[in-house]
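So the chains spell out like this:
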Amino acid sequence: MDSLFIKGGVPLHGDVTVSGAKNAVLPIMAATLLTPELCIIRRVPQLSDVEFMGEILRSLGAEVRSEGDTLFIQAKAIRGIGDYELIRKMRGSICILGPLLARLKKAKVSLPGGCVIGSRPIDLHLKGLRELGAKIKIVNGYVSASTPRLLGADLFLGGRSGPTVLGTANIMMAATLAEGITTIESAACEPEVVDLANFLIAMGAGIVGAGSPTITVTGVKTLHGVDHEVIPDRIEAATFAIAAAATNGEITIHGARPDHMHAVLDKLREAGVKIERRGATLTVRRGRGLKPVDITTLPYSGFPTDVQAQMMVLMALSPGISIITERVFESRFMHVSEISRLGADIAIEGPSAIVKGGKPMSGAPVMASDLRASAALVIAGLVARGGTLVKRIYHLDRGYENLDVKLRNLGARIERVEE
Ligand code: UD1
């Protein structure tokens, strides 16, 4: 299993280009199941999650092939069974359920199982599909869904923690081929949902309102092939911006969508970070000194939970007290104990982390618990005095394209080591 060895203390300098968004490309790959025609997806990041999704689509009968950062997927004839061994590897795979049901009227997909950032139920996905007319049973760890026909409905998808991103994706995809009109209230507004909607619209779907809490889908009989470019990864861009500020460097991030990053850029500025924005380019450097800030993670357009761990490292460097409150995934603080091993002073109080910033960090071996926690540990390692070994980086390879290479190009002393 690979680890990353980082010698900290080098400010990052230079230019970096953002890859396509992981959280956009995964549901878009699932959406190719809605048509027997060829779909072309461009700006696809090379990630193990993308490979897993490709394997899942192949196991369903689709042809999947890649050339550089372009994916060609054709789901001419498919079967509706998503196996446990593949589905359990990646929660995002649950979004094959909606398209399979819409196309075949029958699907059996393994329950995705738990994950370290929280229990991650799929009750809202199932509620939405039931309201479209599906009969759903859970037997032997599988969701079995079937219906003679899907019928449009008015449905409310809000849950205890607000809207659901993949739940919205699943229902929106199922509704594209349903009879009549579906209205999704309390829909997720994330840019990745909008990108999926644009993909579906280009396939011939009738969708309005994506990006707002009310999405209306007018069902059509068939969908056709499409050629689509995925949006840039706002979480990756935010990770680089934080790394530049944390290491006291200056980097220019190209190919970003700053209009998808308002909450993060606003908090970085409040923390004293200098950001210049020119079109799709962001130049980021630490200002005179870092200031503590309070953050609450929320559904879009609030501060993203996927940037919480990385921001915590910056807060740990800012003299004073910062409070981070997690409102999307209640147990998403697994990284705290590992960041603390490098010298940060962080206490958990219910859904909040209290960060007493400004303590020096020094390198140590640390263990990554999930994708964004791994990114936070890498940023901490870039700052800490001495060497930091980040273990279990397969999490990073799931969601960041060549992070070590991109950081090395910015001057970081970072090596991948086999253990
Ligand atoms: C997606 C993202 C993930 C991000 C998350 C929140 C992908 C592949 N993953 O995950 O990176 O951290 O959005 O922005 O796009 N919930 C329920 N019932 C459900 C579904 C969700 O109660 O049926 C709860 C969850 O436990 C959580 C909240 O709703 O508390 C939001 O989760 P959700 O938006 O569904 O996350 P994902 O779509 O799985």
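For the structure itself, look to the data block above.
Note that the structure is predicted; figures quoted are calculated from it, not measured. Numbers given for residues are sequential positions, taken from 1 along each chain in its written order. Per-residue local features are limited, in this predicted model, to residues with pLDDT of at least 70; the limit for side-chain atom pairs, both in listing and counting, is 80 or more; totals at the level of whole chains, interfaces and linings are taken over all residues. Excluded from the side-chain calculations are hydrogens and water; all other atoms, namely the structure's heavy atoms, are used.

1. Topic: the overall build of the protein chain
Move 1: Scanning the protein chain for helices and strands turns up 14 helices and 24 strands.
Move 2: For 419 residues, the compact-globule estimate of 2.2 N^0.38 gives 22 Å, and the C-alpha radius of gyration of the protein chain, at 21 Å, lies within 12% of that figure.
Move 3: For the protein chain, the spread of C-alpha atoms along the three principal axes comes to 65 × 45 × 40 Å.
Move 4: In this scheme, a residue with accessible area under 20% of its type's maximum is buried, one over 50% is exposed, and one in between is partly exposed, where area comes from a 1.4 Å probe on protein chains only. The burial tally for the protein chain puts 57% of its 419 residues in the buried class.
Move 5: A separation threshold of at least 6 residues defines the contact pool for the protein chain, and within that pool the share at least 24 residues apart is 73%. Helix and strand definitions here come from DSSP, where helices need a minimum of 4 consecutive H or I residues and strands a minimum of 2 consecutive E residues; each element is numbered from the N-terminal end. The globule rule is 2.2 Å times the number of residues to the power 0.38, and the radius of gyration it is compared with is taken over C-alpha atoms. The contact rule is simple, with two residues in contact once any of their heavy atoms fall within 4.5 Å.

2. Observations concerning the sheet that holds strand E18 (residues 295-297)
Move 1: DSSP-based pairing: two strands are paired if at least 2 bridges between them are found. Taken in spatial order, the four strands of this open sheet run E18-E19-E21-E20, and their pairing is mixed. Strands with a single pairing partner mark the edges of an open sheet, and in this sheet they are E18 and strand E20 (345-349). Direction aside, neighbouring strands of the sheet carry axes that sit 20° apart on average.
Move 2: In this structure, E18 lies alongside strand E19 (residues 320-326), joined through three bridges in parallel fashion. Considered in E19, the bridge of Thr296 is made with Thr325.
Move 3: Each axis is a line fitted through C-alpha atoms, taken for helices only over the stretch in contact, and angles between the N-to-C directions span 0 to 180 degrees. Seen against the sheet, helix H10 (residues 308-317) touches E18, E19, E20 and strand E21 (352-357) and runs at an angle of roughly 30° to E21.

3. Quick word on the pattern of salt bridges
Move 1: Definition used for salt bridges: Asp or Glu carboxyl oxygen within 4 Å of a side-chain nitrogen of Lys or Arg. Applying the stated criterion across every chain, the model contains 18 salt bridges.
Move 2: Two residues, Arg65 and Glu67, come together in a salt bridge whose shortest N-O distance is 2.9 Å.
Move 3: Residues Lys359 and Asp345 are paired through a salt bridge, measuring 2.9 Å at the closest nitrogen-oxygen approach. Of the two residues, Lys359 sits in the loop between E21 and strand E22 (365-367) while Asp345 sits in strand E20, which places them 14 residues apart along the sequence.
Move 4: For Lys359, a relative accessible area of 35% gives the class partly exposed.
Move 5: When its relative accessible area of 29% is taken as the criterion, Asp345 is described as partly exposed.
Move 6: Ionic contacts of the salt-bridge type, sharing partners, join the residues Asp2, Asp397, Asp404 and Arg416 into one network.

4. Things to note about the state of the cysteines
Move 1: To count as a disulfide, a pair of cysteine sulfur atoms needs to be within 2.5 Å. All chains considered together, the criterion is met by zero disulfides.
Move 2: Cys39 forms no disulfide, and the closest cysteine sulfur to it belongs to Cys95, at a distance of 14 Å.
Move 3: The exposure class assigned to Cys39 is buried, which follows from its relative accessible area of 0%.
Move 4: Free of any disulfide, Cys189 has its nearest cysteine sulfur in Cys95, 18 Å distant.
Move 5: Accessibility expressed as a relative area gives 15% for Cys189, which makes it buried.

5. Some thoughts on the site of the ligand
Move 1: Only heavy atoms are used to decide nearness, and a residue is near a molecule or strand if one of them lies within 4 Å of it. If you check the shell around the ligand, you find 18 residues, and the closest are Asp123, Leu124, Thr164, Asp306 and Val328.
Move 2: The contact in question runs from an oxygen atom of the ligand to an N or O atom on the side chain of Arg332, over 3.5 Å.
Move 3: A 1.4 Å probe and the Shrake-Rupley method give the accessible areas. Residues count as covered only by the protein chains that appear here. In the complex, the protein chains occlude 90% of the 740 Å² of accessible area that the ligand would expose alone.
Move 4: Breaking the shell around the ligand down by element, the ones donating at least two residues are helix H5 (123-131) and helix H6 (165-176).
Move 5: Polarity classes work like this: nonpolar for Ala, Val, Leu, Ile, Met, Phe, Trp, Tyr, Cys and Pro, charged for Asp, Glu, Lys and Arg, and polar for all others, with Gly in that last group. Of the residues contributing to the shell around the ligand, the split by class is eight nonpolar, five polar and five charged.
Move 6: Each domain's extent was defined by an automatic or database domain assignment. Split by domain, the residues of the shell around the ligand number at least three in each of domain 1 (2-16 + 232-418) and domain 2 (36-224). Pairs of N or O atoms within 3.5 Å make up the polar contacts considered here, provided that, within protein, one atom can donate a hydrogen while the other can accept it, and that residues adjacent in sequence are counted only when both atoms are side-chain atoms.

6. Focus: the nonpolar core
Move 1: Counting 77 residues, the largest nonpolar core has Ile41, Ile96, Met172 and Leu200 as its most contacted members.
Move 2: Those residues within four positions of Ile96 in sequence are excluded, and the remaining contacts are Ala30, Leu33, Met53, Ile56, Leu60, Gly82, Ile87 and Val109.
Move 3: In plain words, nonpolar cores are sets of buried Ala, Val, Leu, Ile, Met, Phe, Trp, Tyr and Cys residues tied together by side-chain atoms within 4.5 Å. Grouped together as the second largest cluster of nonpolar side chains are 73 residues, Ile235, Val307, Val383 and Ala412 included.

7. Here's the deal with the side chain of Glu401
Move 1: Mapped onto the fold, Glu401 is located in the loop between helix H13 (394-399) and helix H14 (403-409).
Move 2: The charged-residue count follows a simple rule in which Lys and Arg add positive charge and Asp and Glu add negative charge, with His and chain termini not counted at all. Among buried charged residues, Glu401 stands out as having no salt bridge; its nearest opposite-charge side chain is Lys406, 4.6 Å away.
Move 3: Only 2.5 Å separates the side chain of Glu401 from the side chain of Ser19, close enough to count as a polar contact.
Move 4: The residues contacting Glu401, other than those within four sequence positions of it, are Ser19, Val44, Pro45, Gln46, Leu47, Glu236 and Lys406.

8. Notes on the side chain of Thr239
Move 1: Inspection of the secondary structure assignment puts Thr239 in helix H8 (residues 234-246).
Move 2: According to the relative accessible area criterion, Thr239 is buried, its value standing at 4%.
Move 3: A distance of 3.2 Å separates the side chain of Thr239 from the side chain of Gln310, its partner in a polar contact.
Move 4: In this structure, Thr239 is in contact with Gln310, Ala375, Ile379 and Tyr400, ignoring residues within four places of it in sequence.

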